[in-house]
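# Results of the structural survey
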Amino acid sequence: MSKTAQTDDGSVILDVRNLVTHFPVRSGVVKAVDDVSFTLHRGKTLCIVGESGSGKSVTARSILQIVDAPGRIVSGEIILHREDGTTTDLAGLNPRGKAIRQVRGRDIAMIFQEPMSSLSPVHTVGEQIMEVLRLHLKMDKAQARTRCIELLGQVEIPKPAEAIDRYTFEFSGGMRQRVMIAMALACNPHILIADEPTTALDVTTQAEIIDLIRRLQNDHGMAVIFITHDMGVVAEIADDVLVMFRGKVMEHGPVDQIFHAPKDDYTRMLIGSVLKLEEKAEIRLKRPPLDTTVEPVMTVKNLSMHFGSNLAVNDVSLHVLPGETLGIVGESGSGKTTMGRCLLRVYQPTAGEISYRRADGSMVDLVRADEGLLKDCRKEIRMIFQDPVGSLNPRMTVSQIIGEPLLVNHLCMGQELEERVVDLMEQVGLNPDWRERYPHAFSGGQRQRIGIARAIALNPRVVVADEATSALDVSLRSQMLDLMMNLQDKLNLSYVFISHDIGVIRYMCDRVAVMYKGKVVETGTADQVCNAPEHPYTQALLSAIPRPDPRARSMHKRHRYKV
Amino acid sequence: MSEAVLGPIENKQLAVASQWQLVWWAFKRHHLAMAGLYITAFLYLIALAPGFFATNDPSAQNGRAAYHPPQSLHFIDTAADGSWTIKPYIHASVLKRDPQTLAAIFTEDTSKKIYLQFLGSGYEYELFGLFKTRLHLLAAENTTQPIFIFGADRLGRCVYSRIIQGAQISLSVGLVGVLLSLTLGILIGGVSGYYGGRIDFVAQRAIEFVLALPTIPIWLALAAALPHDWPAVLNYFMITLILSLTGWAQLARVVRGRFLSLRTEEFVMAARLDGASEGRIIFRHMLPSFASHIIASITLAIPAMILAETSLSFLGLGLQPPSISWGVLLREAQNIRSIATAPWLFIPGGAVVLAVVALNFLGDGLRDAADPYNK
Amino acid sequence: MLRFIAKRVLWMIPSLVVVSFLSFVLIQLPPGDYVTTYIATLAASNEVVDINTANELRARFGLDQPMIVQYWKWITGIVLHGDFGLSFEWQQPVSELIWERMALTLVLTFTTLLATWAIALPIGIFSAVQKYSVMDYIVTFLSFIGLAVPSFLLALVLMYIAAVHFGQDVGGLFSDRFMNEPWSFDKIVDMLGHLWIPVIILAVSGTASLIRVMRANLLDELSKPYVTTARAKGLSEFHLLMKYPVRIALNPFISTIAWLLPNLVSGSIIVAIVLSLPTAGPLLLQSLMSQDMYLAGAFVLLICALTLVGSLISDILLALADPRIRLE
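Residues numbered from 1 in each chain as written. Chains lettered and ligands numbered in written order. Predicted model: local features only at pLDDT ≥ 70, side-chain atom pairs only at ≥ 80, totals over all residues. Heavy atoms only, no water.

### So, the sheet that holds strand β14 (residues 351-357) of chain A
All names here are of chain A. Read from one edge to the other, the open sheet built from four strands follows the order β12-β11-β14-β15, with strand pairing classed as antiparallel. Because the sheet does not close on itself, it has two edges, and the strands there are β12 (310-320) and β15 (363-365). Strand-to-strand twist across the sheet, computed as the mean angle between neighbouring axes with direction ignored, equals 20°. Pairing analysis gives seven bridges linking strand β11 (residues 298-307) to β12, with the strands arranged antiparallel. By the bridge assignment for β12, Met305 is matched with Val313. Where helix α12 (residues 336-343) meets the sheet, its contacts fall on β11, β12 and β14, and the angle it forms with β11 comes to roughly 120°. (Pairing = 2+ DSSP bridges. Helix = DSSP H or I, 4+ residues; strand = E, 2+ residues; numbered from the N terminus. Axes fitted to C-alpha atoms, helices over the stretch in contact; angles between N-to-C directions. Contact = heavy atoms within 4.5 Å.)

Below you can see the structure in the form of structure tokens.
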């Protein structure tokens, strides 16, 4: 520890200069953090934002020297200014030494993305929180317990005196993140580093957690480093923003400047692709209005699906018009994915009917159709999956994957199949020369294109897309949606588009059904549901979504939905 | 995520690499596993044509050579004038008897050299059970002269040649036994994992039950039930069958686990929605995904079988002489008196350890390399 | 928790029934029965037994009845009266022959289990923490060798070394003077002096595989996010290692009892035969050879029951250690 003369007014609490963190790998070195500098001010919130692989998380972990092996800090300084005027260069400390351990959890605390796996499953939450108190504040057991109950109360965990003796798996995701926060706050740290703390949570839970962090920040005067990929969250909470791309800082400045006067091209692109999803797609604006007088291609009546005693889909009724995109929006556990899978009878619905109008006008009830008929209908109703990795067989080439539906339905083979695959790849914007490659050679966006090519291979009439863009970075999302809409125009497709992301729904869909706990609570045109929702749940859901505009912070005005 | 780890893939070769190519690349990096592969391949080569590698007829008894000690093999022949050539030879040995105890004492006569020949001609044997030949890797120039590289046993039989011959049975018991176990394991595990529900529950309990049983007492009881007068081939198959009766459970568990986890994979659901038949889903989409795991499990199950056969035969309840397996050979080392006079009777044990270590290294490396996509 | 134990104990019952039936079938498998063997033995010494005498013998032992009836007689005798039947060969009730040997088998197995754990745990932790170090490679290599050496071979080599180089006999569990003595404190001390040799021999392969299990478990756990959380709290490396990943890696380790025990019991039988220990092994082999069915059956039944109880205990311990199972 050394006392150095500081020229600033003392508001700087953390000063990171030219930080470089490397991961040695077999084929060389990955420069995860490459010459990153920034300052953090007392009581302020700095958001580090970037897409996957930008090095934002490694930057945060470098501060506490908890980068996973084999990563290590190569050079740079991380200067911590304490209130008593002393400073420490954290980058210079031994990562296993006592000095850095006294900073961890005491001066700087951290919370992580996955509250489930970030807490030990075999220790009670009390045990894990009290440990910090006993370690840094040298409390005895009784004191630590009292303080721990107090902390659990502060993070609004109901019945803290009982919760203290429970295990993490007995809590919901949001409650677990509260436990993490209580643990981080135990020693009143000056800095809280939050590494994507809300990414794994639903938007309404996210709003609660952000509220909580903000309130605690005001009470304790902490500085917060908040790592996220969600520009809405950034606009809602940041004082300053650091935009990262491939380990480098693209832009660093006050939040208003980043959103309203970005200087860097990458930042501009990032903000642009977020703002794009705030509006209706251009392609849709050019389309003639949908003919709503025709008969629906698919009508769902009173559909229910039980898993044991659990009612995942509860009495759902919907219809899909030819050429229409019907959005299904809801949070995790709303039953939207199950409902989508029932449409193709991946699951056998327990009640209700799905009437599908075939190309020749004949009607089929998919719930009761026999195997042969179902197989025929599945050629016309296809699916795009959420996970671009898991939904492609890693052991088959792209050409085999795309050709599989054509081959097994005996539609074409040999040279003809080859030509059709090339044609499909071109349609979805993939280089046909790559058809002998395996999925591992493709990026996430490219893999999703392979999935789309497979879906349209049979010239379907209805495509069920289950969270087709949620695994992709925001800059790729609108591209993927545009591709899907182009294909829709070309092939006259109807989409059932399942998503938790209201931005994607607004951009893409004609009509929206909102699902909550297995039920459809509201159906309407996309404009009506997104701008003037009627059901209190939809209102709460929409108001919890942070807008990507720091001048229009609205989360504090949100509604809460209570059953 | 994987993109960040793998980086942009520009390597053309990697882009078009199939599963087996990737497994092989991952496996090759594992040096011990590669060593295991070479040794295993070599041992199975010996098992394929033991006659070629043996020096003496493994069943030929030689009363004058009982407990003959190992003879050291020399490769460099130094002539009287100091010049040397590479020519393998052994020294002849002279039999004397202890005047008091009448025990045999073998001494080396360093003046007499018995020259050996690579690819020489020795006793007649059948190659692959098809045609007769006299070709041997190493044979004495004088075909009537026995060579005891690893010494001789109680009846004067060549321990080295018997180990070579024993490889055939010991190593094949492992292979055949595992194939039998695998058939049972895939059938039960596959049905259990594929259909799930009540069938799975019953199969699960059966697997757990078999795994909780101690194998040796059951093998012993089963093996003791075999009539002693059965022909050697039948006996061999019954012993192998007995070993696989308990060995299937482990494999069934592996197969079931893979099936269960694959059943919920999205690409399997995608194949079903593509219209692929059940058979195609299983064989085209699921089987390739766990074939590498199964091969690794099999490789790790073979050494257990080899050890089991060795143990049973050692106790006298497995294969019966005149069949030759490593376990049968180790029976000779059962009493303390014979191993005190002839410690070379332990050498078959060395062969067992070598084979088991090599197979374990191989299996371990395969298991690590089996899933090239989840790294 | 109590419900979990009760459920698990109830599950034991069908398993035990199957095991008992299996034991009985195994014993019935050999062609012929005790009387056939008996006659064969007599014939070898030039005595001739006529068919009437043979049938009389069969009737006396109930061998002429259907198998299921014989089984029922046998199992009810065991459960209700602790009567395992008569050993034909020894002309004694089986229950007089087996209990001491079973008790010694239990002592041997249990001691080996403890020894295996005590050796494997620290080495496995070390090997995982220092992964890819020179010591890790040495440990890995040695454990592969340990897995590959059959226990009877190890016993033989030890016997050879002791006999040739030290002129000692390492067989047996007791010194000669205690061999037929009643149990006393001195006898127990004497037994402990002999016990370590078979324990070490038996522990070798178990230790080797447990080291690999522990290493793999711990390596898995070490990369979990909760380790980073603990590190971010400011815990020292050793403290956090012991409190979190090691603690959690112990759970699957506990379940190793379930498969270690059957292996140990199997191994102990062969080793006991080689070292002529007064445990179940040698007598089981002998009774199987002479088709002394009630004796062999009693051993197979008890040994299998022992391992089933072992897996029951392992399940209960696991539930105690892991709240995820306990609170399910």
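What follows picks up the thread again.
### Considering the interface of chain C and chain B
Each side of the interface is counted separately: chain C has 43 residues, and chain B has 40 residues. Both faces considered, chain C and chain B share a buried interface measuring about 3,500 Å² in area, 85% of it formed by carbon and sulfur atoms. Seen at the junction of chain C and chain B, the total is one salt bridge. In this structure, the salt-bridge partner of Asp364(B) is Arg212(C), at a minimum N-O distance of 3.0 Å. Run the count over chain C and chain B and you get four residue pairs in polar contact (both at pLDDT 80 or more). Looking at the side of chain C that touches chain B, the elements with two or more residues in it are α1 (2-28), α6 (134-148), α7 (151-165), α11 (256-274), α12 (280-289) and α13 (293-321) of chain C. Of the residues assigned to the side of chain C that touches chain B, the class counts are 37 nonpolar, five polar and one charged. (Buried area = accessible area lost by both parts, 1.4 Å probe. Salt bridge = Lys/Arg side-chain N within 4 Å of Asp/Glu carboxyl O. Polar contact = N/O pair within 3.5 Å; in protein donor to acceptor, adjacent residues only side chain to side chain. Nonpolar A, V, L, I, M, F, W, Y, C, P; charged D, E, K, R; others polar.)

### Here's the deal with the pattern of salt bridges
According to the stated counting rule, one finds 54 salt bridges over all chains in the structure shown. The shortest N-O distance in the salt bridge between Arg157(B) and Glu332(B) comes to 3.7 Å. Note that Arg157(B) is positioned in the loop between β6 (138-140) and α6 (159-195) and Glu332(B) in the loop between α12 (326-331) and α13 (336-341), a separation of 175 residues in sequence. Residue Arg157(B) shares its accessibility class with Glu332(B), and that shared class is buried. Each of Glu156(A), Arg178(A), Glu208(A), Asp211(A), Arg214(A), Arg215(A), Glu236(A), Arg558(A) and Arg560(A) takes part in one network of salt bridges that share partners. (Buried < 20%, exposed > 50% of the residue type's maximum accessible area, 1.4 Å probe, protein only.)

### Here's the deal with the environment of Pro115(A)
Residue and element names in this part refer to chain A. Residue position: Pro115 is located in the loop between β6 (108-111) and α3 (125-136). As a C-alpha pair, Pro115 and Ile450 span 335 residues in sequence and 33 Å in three-dimensional space. Those residues in contact with Pro115 that lie beyond four places of it in its chain are Gly173, Arg176, Gln177 and Met180.

### A few points about unusual backbone geometry
Residues and elements named next belong to chain A. Cis geometry is found at the peptide bond from Ala69 to Pro70, where omega equals 0°. Locating Pro70 in the fold gives a position in the loop between α1 (56-63) and β4 (72-81). Its identity is not glycine, yet Asp35 carries a phi of approximately 60°, on the positive side. Note that Asp35 resides in strand β2 (residues 28-41). Here the phi dihedral of Glu156 falls at roughly 60°; this positive angle occurs in a residue that is not glycine. Given the relative accessible area of 40%, Glu156 is considered partly exposed.

### A few points about the packing of aromatic side chains
Enumeration according to the criterion identifies 22 aromatic pairs over all chains in this entry. With 5.9 Å between their ring centres and 20° between their planes, Trp24(B) and Phe27(B) make a pair best called stacked. Of the two residues, Trp24(B) and Phe27(B) both sit in helix α3 (residues 19-28), three residues apart, roughly one turn of that helix. Relative to Phe253(C), the ring of Trp117(C) has its centre 4.8 Å away and its plane inclined at 55°; by these criteria the two rings are tilted. Within this pair, whereas Trp117(C) is found in helix α5 (residues 94-129), its partner Phe253(C) is found in helix α10 (residues 237-254), the two being separated by 136 residues in sequence. An aromatic cluster is defined as three or more aromatic residues linked by ring pairs; in this entry it consists of Tyr516(A), Tyr537(A) and Tyr561(A). The ring centre of Phe201(B) lies 4.5 Å from the NZ or CZ of Arg205(B), which sits over that ring. (Phe/Tyr/Trp six-rings, centres within 6.5 Å; stacked < 30°, edge-to-face > 60°. Lys NZ or Arg CZ within 6 Å of the ring centre and 35° of its normal.)

### A closer look at the interface of chain B and chain A
Taken together, the 31 residues of chain B in the interface contact 34 residues of chain A. Across the interface of chain B and chain A, roughly 2,900 Å² is buried in total on both sides, 55% from carbon and sulfur atoms. The largest per-residue losses of area from chain B upon contact with chain A belong to Glu266(B), Leu273(B) and Asp274(B), which jointly make up 24% of the total buried on that side. Where chain B meets chain A, there are four salt bridges. Across the pair Asp371(B) and Arg395(A) runs a salt bridge whose closest N-O atoms are separated by 4.0 Å. Our count for the chain B to chain A interface comes out at twelve residue pairs in polar contact (both at pLDDT 80 or more).

### Looking at the domain arrangement of chain B
Residues and elements named next belong to chain B. The assigned domain composition of chain B is domain 1 (31-48 + 162-369) and domain 2 (67-155). The distance between the C-alpha centroids of domain 1 and domain 2 comes to 37 Å. Taken together, the nine residues of domain 1 in the interface contact ten residues of domain 2. Each partner contributes to the roughly 790 Å² buried at the junction of domain 1 and domain 2, and carbon and sulfur atoms together form 65% of this total. Across the salt bridge formed by Arg154 and Glu332, the nearest N and O atoms sit 3.0 Å from each other. Where domain 1 packs against domain 2, one counts two residue pairs in polar contact (both at pLDDT 80 or more). (Domains from an automatic or database assignment.)

### Thoughts on empty space enclosed by the protein
Using a probe with the size of a water molecule, rolled over the atoms, empty space left in the structure can be pinpointed. Applying the stated criterion to the full structure yields nine cavities of 30 Å³ or more. Of the voids in this model, the largest cavity is the one considered here, and its volume is about 90 Å³. What lines the largest cavity is Gly105(A), Ala109(A), Met110(A), Ile111(A), Val132(A), Met180(A), Met183(A), Ala184(A), Thr229(C), Ala232(C) and Lys233(C). Of all the secondary structure elements, the ones that give two or more residues to the lining of the largest cavity are β6 and α6 (173-185) of chain A together with α9 (225-233) of chain C. The residue makeup of the lining of the largest cavity, split by class, is eight nonpolar, two polar and one charged. (1 Å grid on protein atoms, 1.4 Å probe; cavity = no way out; pocket = protein on both sides within 12 Å on 5 of 7 lines; lining within 4 Å. Points joined across faces, edges and corners; volume = space filled by probe spheres on them.)

### Some thoughts on the state of the cysteines
Under the counting rule described, the total for this entry stands at zero disulfides over all chains. Cys509(A) forms no disulfide, and the closest cysteine sulfur to it belongs to Cys530(A), at a distance of 8.4 Å. (Disulfide = S-S within 2.5 Å.)

### Description of the nonpolar core
Counting 171 residues, the largest nonpolar core has Leu171(B), Leu220(B), Trp326(B) and Leu284(C) as the members making the most contacts within it. Aside from chain neighbours lying at most four places away, what touches Leu171(B) is Leu43(B), Tyr44(B), Ala47(B), Ile306(B), Trp326(B) and Ala355(B). (Core = buried A, V, L, I, M, F, W, Y, C linked by side-chain atoms within 4.5 Å.)

### With respect to the environment of Ile270(C)
With respect to the helices and strands, Ile270(C) occurs in helix α11. Considered as a pair, Ile270(C) and Met135(C) are 135 residues apart in the sequence and their alpha carbons are 32 Å apart. Not counting the four nearest positions on each side in its chain, Ile270(C) is found in contact with Ile216(B), Ser311(B), Leu315(B) and Phe152(C).

### Brief notes about the packing of helix α4 (residues 31-48) of chain B against α6(B)
Residues and elements named next belong to chain B. Two elements in contact, α4 and α6, have axes whose closest approach is 8 Å; the angle formed by their N-to-C orientations is 110°. In terms of axis orientation, α4 runs roughly perpendicular to α6. As α4 packs across α6, the resulting crossing turns out to be left-handed. Where α4 abuts α6, its residues Leu43, Tyr44, Ile46, Ala47 and Leu48 lie against Ile164, Ala167, Gln168, Leu171 and Leu175. (Parallel < 35°, antiparallel > 145°, perpendicular 65-115°, else oblique. Left-handed = near helix turned anticlockwise from the far one by under 90°.)

### Overview of the pairing of strand β7 (residues 191-195) of chain A
All names here are of chain A. Counting buried positions over the five residues of β7 gives five, a clear majority of the element. Residues of β7 alternate between two faces, with Ile191, Ile193 and Asp195 on one and Leu192 and Ala194 on the opposite face, all of them buried. When β6 meets β7, the two strands line up parallel, connected through four bridges. Bridge assignment links Ile111 to a residue of β7, and that residue is Ala194. The handedness of the β7 to strand β8 (residues 223-228) crossover, carried by helix α7 (residues 203-220), is right-handed. (Right-handed = clockwise from strand over helix to strand, strands pointing away.)

### Re the side chain of Glu221(C)
Tracing the sequence through the fold places Glu221(C) in helix α8 (residues 185-222). Among all residues touching Glu221(C), those that are not within four sequence positions of it are Tyr226(C), Val227(C), Pro245(C), Ile248(C) and Ala249(C).

### Focus on the sheet that holds strand β2 (residues 84-97) of chain B
Residues and elements named next belong to chain B. Reading across from one edge, β1-β2-β3-β6 is the order of the four strands in this open sheet, with antiparallel pairing throughout. Two strands bound the open sheet, and with one partner strand each, they are β1 (74-78) and β6. Direction aside, neighbouring strands of the sheet carry axes that sit 55° apart on average. Direction of pairing for strand β3 (residues 104-118) relative to β6: antiparallel, over a ladder of three bridges. Bridge pairing links Phe118 to Leu138 in β6.

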